[in-house]
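# Residue-level structural notes
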Amino acid sequence: MRAVIQRVTSASVVVGGETISSIGRGLCVLIGITQSDTHREREWMVRKLLNLRLFEDESGAGWSKSVSDYGLEILCVSQFTLYGILKGNKPDFHNALTHEKSKVFYHQFMDELRRAYKPELIKDGQFGADMQVNIQNDGPVTLHIEPNLPPAKERKPQNPPKKDKGKRSAATESGVATAACAEAGDDASAAAAIATAGDDVVDDEEETS
């Protein structure tokens, strides 16, 4: 996606001699869509439009406030020519998303923008129409932005659970029991401990089989 953002004191869209949308102070945004755009680019663009600090604060400090801070309006206009390239002196637009796919994508973008802000403050042109866009640029302030997102990370398969390294062999259990009882000087107890350890390991093996 590409956007040309203009800070305006007013803007309007005229189709067939009739004004179909207009705003006062806020942003007029021309939106271009390309072949590789996904929902990630839409989400990025929505966040940027609502949070770009293009306005002065109450003390007059520039680049301090966003449309969201002041509750200002946004007028969006679809603009496939933003993806034009030149072949000699003739523009070529093959990098723009096709008309039908672009229409769906653009309306999804507008829906997400309205959900993220105040629907009554989001205005629109008419997709695919011959529009006259009237802009009273304030400043002038004009920005060109587009997302440069890293590739989406693929979900890695989870590693299989590791075997329980805490389980000890019959020989180990026997050795521990023998040592413990030998220190106490009790051979009979040592023999009993060895037998018990062996039984425990057998039981463990039967439960896991």
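You'll find the structure just up there.
Anyway, here's the lowdown on the structure attached to this text.

Cut-off values and rules
- Residues numbered from 1 in each chain as written.
- Predicted model: local features only at pLDDT ≥ 70, side-chain atom pairs only at ≥ 80, totals over all residues.
- Heavy atoms only, no water.
- Helix = DSSP H or I, 4+ residues; strand = E, 2+ residues; numbered from the N terminus.
- Expected span 1.5 Å × (residues − 1).
- Buried < 20%, exposed > 50% of the residue type's maximum accessible area, 1.4 Å probe, protein only.
- Contact = heavy atoms within 4.5 Å.
- Phe/Tyr/Trp six-rings, centres within 6.5 Å; stacked < 30°, edge-to-face > 60°.
- Salt bridge = Lys/Arg side-chain N within 4 Å of Asp/Glu carboxyl O.

## A word on helix H1 (residues 39-51)
Between its terminal C-alpha atoms H1 stretches 18 Å, which fits the 18 Å expected from 13 residues at 1.5 Å a residue. Looking at H1, one finds that the buried residues are Glu 41, Arg 42, Trp 44, Met 45, Val 46, Leu 49 and Leu 50. Residues of H1 that are buried make contact with strand S1 (2-15), strand S3 (26-32), helix H2 (67-70), strand S4 (73-78), helix H3 (99-116) and strand S8 (131-145).

## Observations concerning the environment of Gly 125
By secondary structure assignment, the location of Gly 125 is in the loop between strand S7 (122-124) and S8. The exposure class assigned to Gly 125 is buried, which follows from its relative accessible area of 15%. As for Gly 125 and Val 77, which are separated by 48 residues in sequence, their C-alpha atoms are 5.1 Å apart. With residues up to four places along the chain from it excluded, the contact list for Gly 125 reads Val 13, Ile 20, Leu 75, Cys 76 and Met 131.

## Structural notes on the packing of aromatic side chains
Under the defined criterion, the tally for this structure stands at three aromatic pairs. Plain terms: the ring middles of Tyr 106 and Phe 109 are 6.5 Å apart, the flat faces sit at 40 degrees to each other, and that makes the pair tilted. Separated by three residues within a single helix, Tyr 106 and Phe 109 lie in helix H3, roughly one turn from each other. For the pair formed by Tyr 106 and Phe 109, the shared burial category is buried. For the pair Tyr 106 and Phe 127, a centre-to-centre distance of 5.8 Å together with 35 degrees between the ring planes defines the contact as tilted. A residue pair is termed long-range when its members are at least 10 positions apart, and Tyr 106 in helix H3 and Phe 127 in the loop between S7 and S8 qualify at 21 residues.

## Remarks on unusual backbone geometry
Here the bond from Gly 139 into Pro 140 is cis, since omega is -5 degrees, no more than 30 degrees from zero. Along the chain, the position of Pro 140 falls in strand S8. With phi around 55 degrees, Trp 63 is a residue other than glycine that occupies positive phi space. Here Trp 63 is to be found in the loop between H1 and H2. Given the relative accessible area of 52%, Trp 63 is considered exposed.

## Observations regarding the pattern of salt bridges
Under the definition given, this model contains five salt bridges. Between Glu 146 and Arg 2 there is a salt bridge; the shortest N-O distance is 3.2 Å. Placement of Glu 146 in the loop between S8 and helix H4 (170-183) and of Arg 2 in strand S1 is noted, with a sequence separation of 144 residues between them. Residue Glu 73 is joined to Lys 123 by a salt bridge in which the shortest nitrogen-to-oxygen separation is 3.2 Å. Of the two residues, Glu 73 is situated in strand S4 and Lys 123 in strand S7; the sequence distance between them amounts to 50 residues. Given the relative accessible area of 18%, Glu 73 is considered buried.

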